[in-house]
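A structural walkthrough
Chain by chain, the residues:
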Amino acid sequence: MNNMDHNKILIIPAAAYTEINEQFIPEIFKINDTGRMNIISNMIDLPLSDFDKIYIVVNQRIDEIYNIKNMLNVQLKNEEFADKTHIVVVKNTRNVVDTVLQTIAQIPYSKFGVFIKDADASFNITELNNENTVYTYKLEDVKEINPSSKSYVSTTSDDVVLNIIEKRVISSEFCVGGYYFNDIKKFVDLCECVREYDKLYLSNVIYYDILRNGEIYRTEQVIRFSE
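Residues numbered from 1 in each chain as written. Predicted model: local features only at pLDDT ≥ 70, side-chain atom pairs only at ≥ 80, totals over all residues. Heavy atoms only, no water.

Bringing the nonpolar core into the picture now. In this structure, Leu10, Phe29, Ile39, Leu72, Phe115, Phe123 and Phe225 are the most contacted members of the largest nonpolar core, which totals 38 residues. Residues within four places of isoleucine 39 in sequence aside, it is in contact with Ile12, Ala14, Ile28, Phe29, Ile56, Leu72 and Ala119. Among the nonpolar cores identified, the runner-up in size contains 34 residues, and Val100, Ile116, Cys175 and Leu202 belong to it. (Core = buried A, V, L, I, M, F, W, Y, C linked by side-chain atoms within 4.5 Å. Buried < 20%, exposed > 50% of the residue type's maximum accessible area, 1.4 Å probe, protein only. Contact = heavy atoms within 4.5 Å.)

Attention now moves to the packing of aromatic side chains. Under the criterion given, the structure shown has eight aromatic pairs. Centre to centre, the rings of tyrosine 137 and phenylalanine 174 are 6.4 Å apart; their planes meet at 80 degrees, and the pair counts as edge-to-face. Residue tyrosine 137 is located in strand β6 (residues 133–138), and its partner phenylalanine 174 is located in strand β9 (residues 173–181); the two are separated by 37 residues in the primary sequence. There is no split in this pair, since tyrosine 137 and phenylalanine 174 are both buried. Between phenylalanine 181 and tyrosine 217, the aromatic rings sit 6.1 Å apart at their centres with planes inclined by 80 degrees, giving edge-to-face as the arrangement. Taken together, the residues span a long stretch of sequence, with phenylalanine 181 in strand β9 and tyrosine 217 in the loop between α6 (202–213) and β10 (218–221) at a distance of 36 residues. (Phe/Tyr/Trp six-rings, centres within 6.5 Å; stacked < 30°, edge-to-face > 60°. Helix = DSSP H or I, 4+ residues; strand = E, 2+ residues; numbered from the N terminus.)

Below, the structure is given as structure tokens:
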């Protein structure tokens, strides 16, 4: 499959990290033993060359306290994907869906697919496809995990998602924090339908789309996962 015939953007929402303590920067923004900030280390095993643009989203208050945007820009100078990576600052956000919608509202887009990745998860994907996809891993393949923090999926024999639910174990297959929507405009319209709810996850948006619109989502297992 030729993946370059479908433009894609990557959004990494990190605006939920709002704890304020001037002595203790949130873990996701700390520098690790590799010399990289954790949030950057967690994205390097993705096929970043497949994305036209990359957007890292941070909370305005956290940025004011820790100067996160500047720190990220300094870090990115050493990365080959620096030229296409942008830092987006949002002021107030209720949930990850709201964060993503605020981000999309600030960027130019037309016929794009959008990949949304949890900031604190690290997983390996060698190639992206052009289908709506939930990226997953198996519970039995992970040594340490907090199972109550994940969304779980049940599928047909050919990996079509039947159900996806937050923090309830309905199968051994859980989402690693990677979601691909192949039409950004349809994704925005879909999110607007459910945006009124405060407690909202991407799994809720996907399940709504399956039930309401009969949309097809497939699962694809990643090569490696850690958090």
